[in-house]
Structure formats: structure tokens, C-alpha cells
Amino acid sequence: MSPHHNMKSTIKTTQSPVVAAAASLAPAPAPKTTRVPRAKSPVASAPAPAPTVITAVIDVGFGNALYLRGDGPGLSWNKGTLLDCVAGDQWSIAIPGVKSPVTFKFLLNDQTWSKGEDYVAAPASATKLIPEF
């Protein structure tokens with residue numbers, strides 16, 4: 001036997017510094033997938049009710065205006081609300097947020113009341129009238 005055969009052979013293996021440093025680190029986390037966030041859908045809400053539209057068909061003459069007084073959102077029996085002149089002989093107002101019938105009368109220049117009984121318009125309706133003075 002050779003003299004080297006009975007000897008315990010001890011081989012010490014060493015790792016390179018780069019391998020040793022990499023081994024001491026925690027395992028890398030799995031790559032995250034990037035998700036594009038979905039846009040939040042708008043909260044379903046009831047659409048706003050249609051406004052109540054009141055139109056008067058009357059030529060009030062140059063320099064005059066038509067007003068409305070009554071019970072309803074934004075209306076009063078004490079002070080009139082000016083209607084918009086939408087044509088030579090048509091005056092109109094759109095009243096939003098009406099939840100119950102609107103009772104009203106027309107006034108010429110917010111002074112002279114229209115003849116007859118009070119008018120009534122249903123919520124979200126379009127009412128066209130011919131007032132007399």
C-alpha cells in the first residue's frame with residue numbers, strides 16, 4: 001500500500017465569495033404581476049326627476065314680462081318668479097325637484113293676476129296654458 005492510501009484525506013471545499021454572499025441572502029420573492037386597477041363603476045343612483053315645465057302662450061306686449069307665483073320649489077305667493085321669454089308669444093319656466101303638484105297663477109309684470117282659478121301642474125310634466133288678463 002502506498003503511504004498515502006491510509007491517510008485520511010481531508011479536502012476542504014470553499015465557496016467563492018460571490019456564491020457565499022448569494023447563499024446568505026433570503027430567497028428572492030416571486031415577481032409580482034402588475035394589475036391595472038379597474039375603474040370603479042359609478043354608484044347606481046336614481047336619475048334626477050325631470051323638471052316641471054310651465055309654458056304660457058301669450059303676447060304680453062313690448063316692455064312687459066310674465067311672472068309666476070304659487071306653491072312649489074322656489075315659488076311664493078308673495079313675490080313672482082320671472083318666466084323666460086322663449087318666443088314672441090311664449091314664456092316658460094322649468095322647475096326642478098317637484099315632488100307634488102304645483103299650484104300657481106301668472107302675473108303680468110308681477111302686479112296683475114291672470115283671470116280665473118289657480119292652475120295646477122303635475123310633477124315632471126310639461127304644461128302649456130293660455131292665460132287671460
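The coordinates are above.
The model shown is predicted, which means the values in this text are computed figures rather than measured ones. (Residues numbered from 1 in each chain as written. Predicted model: local features only at pLDDT ≥ 70, side-chain atom pairs only at ≥ 80, totals over all residues. Heavy atoms only, no water.)

Asks: Quick rundown of the overall build of the protein chain? Include the residues and the values.
Replies: Summing up its helical and strand segments, the protein chain has one helix and nine strands in all. For the protein chain, the succession of helices and strands along the chain, N to C, is α-β-β-β-β-β-β-β-β-β. Going through the 133 residues of the protein chain one by one, you find that 24% of them count as buried. Considering only intrachain contacts with a sequence separation of at least 6, the fraction spanning at least 24 residues in the protein chain is 58%. Total accessible area on the protein chain stands at roughly 10200 Å², and carbon and sulfur atoms take up 59% of it. (Helix = DSSP H or I, 4+ residues; strand = E, 2+ residues; numbered from the N terminus. Buried < 20%, exposed > 50% of the residue type's maximum accessible area, 1.4 Å probe, protein only. Contact = heavy atoms within 4.5 Å. Areas by Shrake-Rupley, 256 points an atom, 1.4 Å probe, with all protein chains shown as cover.)

Asks: Mind laying out the sheet that holds strand 4 (residues 84-87), listing which residues take part and the relevant values?
Replies: Strand order in the open sheet made by the four strands is 4-5-1-9, with mixed pairing throughout. Whereas interior strands pair on both sides, the edge strands pair on one side only; in this sheet they are strand 4 and strand 9 (126-129). On average, adjacent strands in this sheet sit at an angle of 25° to one another, irrespective of strand direction. Bridge count for strand 1 (residues 52-57) against strand 5 (residues 90-95) is six bridges, and the pairing is antiparallel. Following the sheet pairing, Thr52 is matched in strand 5 by Ile95. (Pairing = 2+ DSSP bridges. Axes fitted to C-alpha atoms, helices over the stretch in contact; angles between N-to-C directions.)

Asks: Go over the nonpolar core, please, and point to the residues and values.
Replies: Judged by nonpolar contacts, the single largest core of 19 residues is most densely connected at Ile54, Leu66, Leu68, Trp91, Ile95, Phe104 and Phe106. Mapped by element, the contributors of at least two residues to this core are strand 1, strand 2 (66-71), strand 5, strand 6 (102-108) and strand 8 (119-121). Setting aside residues up to four positions removed in sequence, Phe104 forms contacts with Ile54, Leu68, Arg69, Gly70, Trp77, Asp118, Tyr119, Val120, Ala121 and Leu129. (Core = buried A, V, L, I, M, F, W, Y, C linked by side-chain atoms within 4.5 Å.)

Asks: How would you summarise unusual backbone geometry if you had to cite specific residues and measurements?
Replies: Leaving glycine aside, a negative phi is the common case for residues, and trans is the common case for peptide bonds. Phi at Asp110 takes a positive value of approximately 60°, unusual for a residue other than glycine. Look at Ala124: it is not a glycine, yet its phi comes out positive at around 60°. Mapped onto the fold, Ala124 is located in the loop between strand 8 and strand 9. Among the residues examined, Ala124 registers a relative accessible area of 41% and is labelled partly exposed.

Asks: I'd like a description of the pattern of salt bridges, backed by residues and values.
Replies: Pairing of side chains with opposite charge becomes possible as their charged atoms draw close. Taken as a whole and judged by the stated rule, the model has one salt bridge. The partner of Asp110 in a salt bridge is Arg69, and the shortest N-O contact between them spans 2.9 Å. Here the residue Asp110 occupies a position in the loop between strand 6 and strand 7 (112-113), and Arg69 occupies one in strand 2, the gap between them amounting to 41 residues. (Salt bridge = Lys/Arg side-chain N within 4 Å of Asp/Glu carboxyl O.)

Asks: Lay out the packing of aromatic side chains in plain terms, naming residues and giving numbers.
Replies: Each aromatic ring pair is specified by the distance between its two centres and by the angle formed by the two planes. Enumeration according to the criterion identifies four aromatic pairs in this entry. Aromatic pair Phe104 and Tyr119: ring centres 5.5 Å apart, planes at 25°, arrangement stacked. Separated by 15 residues along the polypeptide, Phe104 in strand 6 and Tyr119 in strand 8 bring together distant segments of the chain. With relative accessibility at 18%, the residue Tyr119 sits in the buried group. Cluster of aromatic residues (ring-pair linked, three or more members): Phe104, Phe106 and Tyr119. (Phe/Tyr/Trp six-rings, centres within 6.5 Å; stacked < 30°, edge-to-face > 60°.)

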